[in-house]
Amino acid sequence: MSAAAAPQPPPANPQCIGVPREIFAGEKRVATVPAVVEKLVKLGFRVSVAAGAGEAASFGDEAYRAAGAQAMPSSAIWAGADILFKVRPPTAEECEWMHAGQMLVGFIWPAQNPELMAQLAAKGLTVLAMDALPRTLSRAQKMDALTSMAGVSGYRAVVEAAHAFGRFFSGQITAAGKVPPAQVFIAGAGVAGLSAIGTAVSLGAVVRANDTRAEAADQVVSLGGTFVPVDYAEEGGGGGGYAKVMSEGFQAAQRLMYAQQAAWADIIITTALIPGKPAPRLVTAEMVQAMKPGSVIVDMAAEQGGNCELTVPGEAVVRHGVTIVGYTDLASRLAAQSSTLYANNLLRLAEELCKAKDGHAVVNMEDDAIRGLTVVYQGSISWPAPALAAAPVAKPA
């Protein structure tokens, strides 16, 4: 055999990626799946998965072993991993299980969790928050876990609405009579809202939607919905793909529009969130009372307080004859799908961290995407990242 064809030796002391079991109540997702384990191993990493970590998402220990991972007790994962892949932010107890020099990757929400950030820094960790990715970078889209989870949640919101609704979504003509299609109004046409629009349209509903961002109108129409504007001229783009807080004049006009849509709709799905702030209240108790008996509201902003005044986070309640669904675990309710998408996002991040494919992750703080993700670096809080430079404006030819 020639020297060029000789097999390469394995990398010395490859790092271990550890996947603990999620302990947050009701969380069914897992941070990696067997199909992704195989690819992480090809990058040179060792992979260890806590026994039973994937069971709730239908991924058994044997499948992980067959893909090249070790299945071991969760305590061994926390103690022995160089890099920890998680879904939910760690609890105070989980923070105590980590040690200096480890890297933690998962959802952290640094603006909402200052105490957690201080605890992670005090442990001497490097922390990459999947919710802090600069979403304006096109090359970062493959790592955008927020978009992945929002798409799943928007789909599931329609499924929950259909479950709570007492009729078909699609219009039908039967021997027993004519059934009109369901009338659905979706507040917010970001990733979650667009996913909900597409799903509701595919089920045969008549769909209307609104968003404060002007560019959303074409997207709504392209999916088969009707865009409902607010009769007030103000642009609502807040940068980074999010909406901004609108003026009092706009909000008054918006409330009037929402009252009209509430009286029309059988189903309302709300998705409005503004980073670092409580969810804006869009649907008042009076609007709920004006809805038809048997109507449904699915409040996707429930975890941040809710877009509906009567939402109870984590529960489905009936108020004024309207079912208001405030579940905070919509992505977890499609655990196999959301785990697979999230695992792929983490894989793409691992590829960026390990370009040499030698089983060693390198946090390059000169890389805008990696810098944005890195909220704690070697025990020092590094969040928020510096603002990205504006893209150059092309000169006319």
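Look above for the structure.
Residue numbering note: each chain is counted from 1, following its sequence as written. In keeping with the predicted nature of the model, local features appear solely for residues at pLDDT of at least 70, side-chain atom pairs appear and are counted solely at 80 or more, and the whole-chain, interface and lining totals rest on all residues. Water and hydrogen atoms were dropped before computing side-chain values, which therefore reflect all heavy atoms in the structure.

Below, the discussion takes up unusual backbone geometry. Trp383 connects to Pro384 through a cis peptide bond whose omega is 0 degrees. Backbone geometry at Lys357 places phi at a positive 55 degrees, although glycine is not the residue there.

Let us look at the environment of Ala279. A run of DSSP states H or I qualifies as a helix once it reaches four residues; a run of E qualifies as a strand once it reaches two. Both are numbered from the N-terminal end. Of note, Ala279 is situated in the loop between strand E12 (267-270) and helix H10 (285-290). Remark: the alpha-carbon pair of Ala279 and Trp109, spanning 170 residues in sequence, is separated by 15 Å. Any two residues whose heavy atoms approach within 4.5 Å are treated as being in contact. The residues touching Ala279, leaving out its near neighbours within four places in the chain, are Ala272, Leu273, Ala301, Gln304, Gly306 and Asn307.

So, about helix H11 (residues 335-353). Residue count minus one, scaled by 1.5 Å, sets the expected span of a helix. With 19 residues, H11 should reach 27 Å at 1.5 Å per residue; the first-to-last C-alpha distance of 26 Å fits that figure. Buried within H11 we find Ala335, Ser338, Ser339, Tyr342, Ala343, Asn345, Leu346, Leu347, Leu349, Ala350, Glu352 and Leu353. Residues of H11 that are buried make contact with helix H1 (34-42), strand E4 (83-85), strand E5 (103-106), strand E6 (126-129), helix H6 (145-164) and helix H12 (368-373). Exposure categories follow from relative accessible area, calculated using a 1.4 Å probe and restricted to protein chains: below 20% of the type maximum is buried, above 50% is exposed, and the middle band is partly exposed.

Pairs of strands are assigned from DSSP output, requiring at least two bridges between the strands. The sheet built from 8 strands is open, its strands ordered E3-E2-E1-E4-E5-E6-E16-E17 with mixed pairing. Single-partner strands in this sheet number two, and they are strand E3 (70-72) and strand E17 (380-381). Relative to E3, strand E2 (residues 46-50) is paired through 3 bridges, and the arrangement is parallel. Looking across to E3, one finds that Ser48 is bridged to Gln70. The sheet contacts of H11 involve E4, E5 and E6, and relative to E5 the element is tilted by about 140 degrees. Axis lines are fitted to C-alpha atoms, over the contacting stretch for helices. Their N-to-C directions set the angle, which ranges from 0 to 180 degrees.

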